[in-house]
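Each chain, written out:
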Amino acid sequence: MPRKSTHQHGIPCPECTFVIPTTMPMLLSGEPIVCPMCGLALHLDAEKSADSLKLVNQLHEATQKVEQTRRQFR
């Protein structure tokens, strides 16, 4: 049985330091990421982050392919 990670993936809020749960689709959506604790909206500069977003997109696509393959062998 796979063990679940106790590490929470996210971005520390610059206002309240709460770790904002974040996923690759959230980063790629272009929508602001909002801190659930204090309500601060983080806006990603798509132009300045283009190289990073391209890599996140490639990682997301590869992760989806791995999941699809894993499901085939269950």
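The rules behind the values
Sequence positions are assigned chain by chain, starting from 1 and proceeding in written order. The predicted origin of the model limits local features to residues at a pLDDT of at least 70 and limits the giving and counting of side-chain atom pairs to 80 or more, whereas totals for whole chains, interfaces and linings rest on all residues. As a convention, hydrogens and water are excluded, and side-chain values are obtained from all of the structure's heavy atoms. Note on conventions: DSSP H or I runs of at least 4 residues are helices, E runs of at least 2 residues are strands, and numbering of each starts at the N terminus. Summary of the burial criterion: residues with accessible area below 20% of their type's maximum are buried, those above 50% are exposed, and those between are partly exposed, where the area comes from a 1.4 Å probe applied to protein chains only. Here a residue-residue contact requires only that any non-hydrogen atoms of the pair lie within 4.5 Å. Here the open area of atoms and residues is found with the Shrake-Rupley method and a 1.4 Å probe, where only the protein chains shown may cover a residue.

A. Examining the overall build of the protein more closely. Tallying secondary structure elements over the protein gives 2 helices and 4 strands in all. Secondary structure elements of the protein, listed N to C terminal, follow the sequence β-β-α-β-β-α. By the burial criterion, 11% of the 74 residues in the protein qualify as buried. Once local pairs closer than 6 in sequence are excluded, the contacts in the protein between residues at least 24 apart make up 27%. Summing over all exposed atoms, the protein offers an accessible surface of approximately 6400 Å²; the carbon and sulfur share of this is 57%.

Purely geometric numbers; function is a separate question.
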